[in-house]
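# Fold and contact review
This is what each chain is made of:
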Amino acid sequence: QGQLVESGGGLVQPGGSLRLSCRASGTITSVFNPSMMGWYRQAPGKERELVATISSSRTPEYADSVKGRFTISRDNAHKKVYLQMNGLQPEDTAVYYCHRNLHGREFWGQGTQVTVSS
């Protein structure tokens, strides 16, 4: 089934940008391409929440809190999904997780920390 490997997290000042990447390692194209891919996040003391998803037909959906600031995209040829985050605010601080769903089977990455602070 492969693994989801995130990268791109870090420390950024308010108003800054980061681009998260997720690579579906060991996942064959015929499995990755029809999968719903997404990004979730979990802040300290809070439940994990949906940030954005992108369907196999590249239709994106966003949480209201990130609309207009975050953009999700996917590169099927390289089995990657990205999250471009602009206008970051302290409330965006969280561990961000990559997620894959195909026919109800879910897979998670190990997470990457995003910290927004001055």
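Refer to the structure presented above.
The text that follows walks through the structure, step by step, so that each part is easy to find.

Quick notes on the rules
- Residues numbered from 1 in each chain as written.
- Predicted model: local features only at pLDDT ≥ 70, side-chain atom pairs only at ≥ 80, totals over all residues.
- Heavy atoms only, no water.
- Core = buried A, V, L, I, M, F, W, Y, C linked by side-chain atoms within 4.5 Å.
- Buried < 20%, exposed > 50% of the residue type's maximum accessible area, 1.4 Å probe, protein only.
- Helix = DSSP H or I, 4+ residues; strand = E, 2+ residues; numbered from the N terminus.
- Contact = heavy atoms within 4.5 Å.
- Phe/Tyr/Trp six-rings, centres within 6.5 Å; stacked < 30°, edge-to-face > 60°.
- Lys NZ or Arg CZ within 6 Å of the ring centre and 35° of its normal.
- Polar contact = N/O pair within 3.5 Å; in protein donor to acceptor, adjacent residues only side chain to side chain.
- Lys, Arg positive; Asp, Glu negative; His and termini not counted.
- Salt bridge = Lys/Arg side-chain N within 4 Å of Asp/Glu carboxyl O.
- Disulfide = S-S within 2.5 Å.

## Concerning the nonpolar core
One finds Trp 39, Val 51, Phe 70, Val 81, Leu 83, Met 85 and Tyr 96 to be the most contacted residues of the largest nonpolar core, which totals 27 residues. In terms of residue count, the dominant contributor to this core is strand E3 (residues 18-25) (four residues). Beyond its immediate chain neighbours, meaning those up to four positions away, Tyr 96 contacts Glu 6, Leu 20, Trp 39, Tyr 40, Arg 41, Val 51, Phe 70, Leu 83, Met 85, Gly 111, Thr 112 and Val 114.

## Some points on the packing of aromatic side chains
One pass over the full model with this rule turns up one aromatic pair. Ring geometry for Tyr 40 against Trp 108: centres 5.0 Å apart, planes inclined by 70 degrees, an arrangement best described as edge-to-face. You can see Tyr 40 sitting in strand E4 (residues 36-42) and its partner Trp 108 sitting in strand E10 (residues 105-108), a full 68 residues away along the chain. Assessed through its relative accessible area of 19%, Tyr 40 is described here as buried. Looking at Arg 48, its charged tip hangs above the ring of Tyr 97, at a distance of 3.7 Å from the centre. Just above the ring of Phe 32 sits the side chain of Arg 74; from NZ or CZ to the centre is 5.0 Å.

## Topic: the environment of Ser 17
Counting through the fold element by element, Ser 17 comes out in the loop between strand E2 (10-12) and E3. Each C-alpha atom of the pair Ser 17 and Phe 70 lies 9.5 Å from the other, and the pair is 53 residues apart in sequence. Not counting the four nearest positions on each side in its chain, Ser 17 is found in contact with Val 12, Gln 84, Met 85, Asn 86, Gly 87 and Leu 88. Among the polar contacts listed, one links the side chain of Ser 17 to the side chain of Asn 86, at a separation of 2.9 Å.

## What to know about the side chain of Arg 74
If you trace the backbone, Arg 74 turns up in strand E7 (residues 70-75). Buried charged residue Arg 74 carries no salt bridge. Nearest counter-charge: Asp 75, at 8.4 Å. Looking at Arg 74, its side chain comes within polar contact range of the main-chain oxygen of Ile 54, at 3.4 Å. Polar side-chain contacts of Arg 74 include one of 3.0 Å to the backbone oxygen of Ser 55. When residues no more than four places from it in sequence are discounted, the contact partners of Arg 74 are Phe 32, Asn 33, Ser 35, Met 37, Ile 54, Ser 55, Ser 56, Arg 58, Lys 80 and Val 81.

## Examining the pattern of salt bridges
A complete count under the given rule lists four salt bridges for this structure. In this structure, Asp 64 engages Lys 67 in a salt bridge whose closest nitrogen and oxygen atoms are separated by 3.2 Å. Residue class for Asp 64 comes out exposed when judged on its relative accessible area of 64%. A cluster of three or more residues bridged by salt bridges with shared partners is formed by Arg 41, Glu 49, Arg 69 and Asp 92.

## Focus: the state of the cysteines
Within the structure shown, the criterion is met by one disulfide. Two residues, Cys 22 and Cys 98, share a disulfide whose sulfurs are 2.1 Å apart. The disulfide joining Cys 22 to Cys 98 has a torsion of about -85 degrees about its S-S bond and is therefore left-handed. Placement of Cys 22 in strand E3 and of Cys 98 in strand E9 (residues 94-102) is noted, with a sequence separation of 76 residues between them.

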